[in-house]
Amino acid sequence: MNIVAVIFWGLVALGDLCFLQHILRDGNTDSDARMIWALLVLLLPVVGWGLYLLVGQGYRKPREFDRLHAATRARFEKELDPSLFPADGENLVAEAFRPLARLLRGCGEGNRVFGGNAFEIITSGLRKRELILEDIRNAKQFIHIEYFRFGNDKAGREVRDLLFQKVAEGVEVRFLNNNMIGRDIPRSYFKEMEEAGMEVLPYTHIRNGFHQWLMRFNAQNHRKVVIIDGRIAYTGGMNLNDNYFYRWRDTHLRITGPVISRLEASFLDSWFSTGGTLKHALPWYFPADIPQQDAPFKDKTLQVVTDAVEHPWPTTQLGYEWILNNAKQYVYLQTPYFVPPVSVLNALKGAALRGVDVRLMLPLKMDTPFVGPANQSCYEECLEAGVRLFIRGGAFIHSKTLVADDYVTIVGASNLDMRSFHLNSEVNTFIYDRETALASKEIFLSEKENVEELSLEAWRSRKHTWFQDVVAGFLRICYRLL
């Protein structure tokens, strides 16, 4: 072996050691994922290093992002009246569920409980279209938008054209764009928005610093939020393109009431961390009085919970686990993507094994080809434990909801997978209310068209090969890593 080869392999060994010590010391990453990354680095040196830097080391890095949010926190404390963010309304929550509210609050100071809110549960894209276009038309001061997907199609252009009109009327429009997903949309699409007077910012950009760009490369902004004049807000699972307005089945909320101040604070925190500015002082964006409007559900207690890699705890995951571990009667869930962390999967199975009626509704056909087999890799162990799986054909179901024990409901952006629980920036609304839970339960049970329950016998007797099982297991591993 010549000297060049010795030096080369020496450098490879040194590189492997550097990456291995970083991977194995990273307490913020799932232990199974750490071992997989360690094997990948050893088996594919250089290539494995690059993959790990891009997509493997973004789990829970609060110190890396603290400077981004410290200035925002200081500005909020200096400029805003503390009454906008009152003491946590834990006393408004039924006693049995107060530990859940405390858990979510403990994960983040902003995750407070707000009473006195009104909302509509939207299960039709056409209904969201009707409501949001009317609310945008009536905007007087500002519109703040944060979307994972914003389409260059009929739905996207319809909203964009209306935003052009509002800017011309003097309304401020700010749009935080998840640019890592919308690469199929030409830059000119957003350039026209900027030229019209809108402020458009990419969530991930090299101009905010290489380190921030690297950390957010795989940790995308998965939130779907619109705030109008600080008095009306939309949040949930629906993005803004033709799929969500016209084709898919999803769940969203239109909210009025005090909890909107929480959504606005979350939006501005993200806005400032990506280099955004404001034309007015902060109080202008936080109305002193945010009345609830007439809606199907009024005087309700809500807890808007945000999550991101820069937060110290996997808030949404801990919330789901608490509900599953403490449920007494039932837990009904809908999700399109189902490759959960081991602890969540065990909580699902554990609830079913102790007699809780656990039902999970999933789509028959996926919107992306590789996710279906990854989802299916979890089916058999769930069915063996007694989890009831309902497979929905027809329109793709993109809804991310949970309802449990006739009291707690979640409508949000988070899927039941590693990406939502550990990587993406997410927002979910926890609703503490019997009336809402009963309505959400009925929505789940009313999904009869094109829905079939999958039995363990039917799943085991399906036509498949050992190779398909191997591929499904491999995709499950990849999906947990990426």
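The following refers to the structure shown. (Residues numbered from 1 in each chain as written. Predicted model: local features only at pLDDT ≥ 70, side-chain atom pairs only at ≥ 80, totals over all residues. Heavy atoms only, no water.)

### Quick word on the overall build of the protein
Along the backbone of the protein there are 19 helices and 17 strands. Within the protein, buried positions represent 58% of all 482 residues. On the protein, roughly 20,200 Å² of surface is accessible, and the fraction owed to carbon and sulfur atoms is 56%. (Helix = DSSP H or I, 4+ residues; strand = E, 2+ residues; numbered from the N terminus. Buried < 20%, exposed > 50% of the residue type's maximum accessible area, 1.4 Å probe, protein only. Areas by Shrake-Rupley, 256 points an atom, 1.4 Å probe, with all protein chains shown as cover.)

### What about a nonpolar patch on the surface?
Together, Ile3, Val4, Ile7, Leu11 and Leu14 make up an exposed nonpolar region whose accessible area comes to about 520 Å². Considering the arrangement of structural elements, one finds Ile3 in helix H1 (residues 3-25). On the basis of relative accessibility, which here comes to 59%, the residue Ile3 falls in the exposed class. (Patch = residues over 30% accessible without salt bridge, like charges linked within 9 Å, V, L, I, M, F, W, Y side chains within 5 Å. Salt bridge = Lys/Arg side-chain N within 4 Å of Asp/Glu carboxyl O.)

### Observations concerning the pattern of salt bridges
Inspection of every chain in the model, using the stated rule, returns 26 salt bridges. Note that Arg249 is salt-bridged to Glu447, the shortest N-O span being 2.7 Å. Of this pair, Arg249 sits in the loop between helix H10 (242-247) and strand S7 (252-256) while Glu447 sits in the loop between helix H17 (434-445) and strand S17 (451-454), placing them 198 residues apart in sequence. Each member of the pair, Arg249 as well as Glu447, is classed as buried. For Lys441, the salt bridge goes to Asp406, with nearest N and O atoms at 3.8 Å. With a gap of 35 residues between them, Lys441 in helix H17 and Asp406 in the loop between strand S13 (401-404) and strand S14 (408-412) connect regions that are remote in the sequence.

### So, the packing of aromatic side chains
Tallied over the entire structure, the rule returns 21 aromatic pairs. Ring centres of Tyr189 and Phe190 lie 5.4 Å apart, and the angle between their planes is 85°; this geometry places the pair in the edge-to-face category. A centroid spacing of 6.0 Å and a plane angle of 90° characterise the contact between Phe245 and Tyr246, whose relative ring orientation is edge-to-face. Accessibility expressed as a relative area gives 1% for Phe245, which makes it buried. With a relative accessible area of 32%, Tyr246 lands in the partly exposed category. (Phe/Tyr/Trp six-rings, centres within 6.5 Å; stacked < 30°, edge-to-face > 60°.)

### Remarks on the nonpolar core
In terms of nonpolar packing, the biggest core is built from 44 residues, with Leu100, Ile323, Val331, Leu333, Phe338 and Tyr432 touching the most fellow members. Beyond its immediate stretch of four places on either side in the chain, Leu333 contacts Tyr320, Leu348, Val358, Arg359, Leu360, Met361, Thr401, Leu402, Leu416 and Phe444. Membership of the second largest hydrophobic core comes to 37 residues, among which are Leu131, Ile145, Val173 and Tyr234. (Core = buried A, V, L, I, M, F, W, Y, C linked by side-chain atoms within 4.5 Å. Contact = heavy atoms within 4.5 Å.)

### Looking at the packing of helix H12 (residues 315-326) against helix H13 (residues 342-353)
Where H12 meets H13, the closest approach of the two axes is 8 Å, and the angle between their N-to-C directions is 15°. By the angle class used here, H12 and H13 are roughly parallel. Both H12 and H13 take part in a crossing whose hand is left-handed. On the side of H12, the interface is formed by Gln317, Glu321, Leu324 and Asn325, while H13 contributes Ser343, Val344, Ala347, Leu348 and Ala351. Taken together, the residues of the contact of H12 with H13 sort by class into five nonpolar, three polar and one charged. (Axes fitted to C-alpha atoms, helices over the stretch in contact; angles between N-to-C directions. Parallel < 35°, antiparallel > 145°, perpendicular 65-115°, else oblique. Left-handed = near helix turned anticlockwise from the far one by under 90°. Nonpolar A, V, L, I, M, F, W, Y, C, P; charged D, E, K, R; others polar.)

### Notes on the side chain of Asp433
Among the structural elements, Asp433 can be located in the loop between strand S16 (426-432) and H17. At 3.1 Å, the side chain of Asp433 forms a polar contact with the side chain of Lys300. Asp433 has contacts with Lys300, Asp406 and Tyr407, leaving out every residue within four places of it along the chain. (Polar contact = N/O pair within 3.5 Å; in protein donor to acceptor, adjacent residues only side chain to side chain.)

### So, unusual backbone geometry
Despite not being glycine, Asp299 has its phi angle at roughly 55°, a positive value. You can see Asp299 is positioned in strand S8 (residues 297-307). Phi is positive for Asp406, which is not a glycine, with a value near 55°.

### Here's the deal with the pairing of strand S12 (residues 388-392)
Counted residue by residue, S12 has four buried out of five residues, so it is predominantly covered. Here strand S11 (residues 357-363) runs beside S12; their pairing, made up of five bridges, is parallel. Paired with Leu362 across the strands is Ile391, a residue of S12. Sheet topology note: the S12/S17 ladder contains four bridges and is antiparallel. By the bridge assignment for S17, Ile391 is matched with Glu452. (Pairing = 2+ DSSP bridges.)

### Observations regarding the environment of Gly237
By the secondary structure assignment, Gly237 is in the loop between strand S6 (232-236) and H10. Residue Gly237 is classed as buried on the basis of its relative accessible area of 0%. Separated by 14 residues in sequence, Gly237 and Thr251 have C-alpha atoms that sit 5.7 Å apart. Excluding residues that lie within four positions of it along the chain, Gly237 makes contacts with Lys224, Tyr244, Asp250, Thr251, His252, His398, Lys400 and Gly412.

### Quick look at the packing of helix H7 (residues 154-168) against helix H8 (residues 187-196)
Interaxial distance between H7 and H8 falls to 10 Å at its minimum, and their mutual angle equals 15°. Taken together, H7 and H8 sit at an angle that is classed as roughly parallel. Of the two possible hands of crossing, H7 and H8 adopt the one that is left-handed. Between H7 and H8, the contacting residues are Gly156, Arg157, Arg160, Phe164 and Val167 on the first element and Tyr189, Glu192, Met193 and Ala196 on the second. Within the contact of H7 with H8, the residues separate by chemical class into five nonpolar, one polar and three charged.

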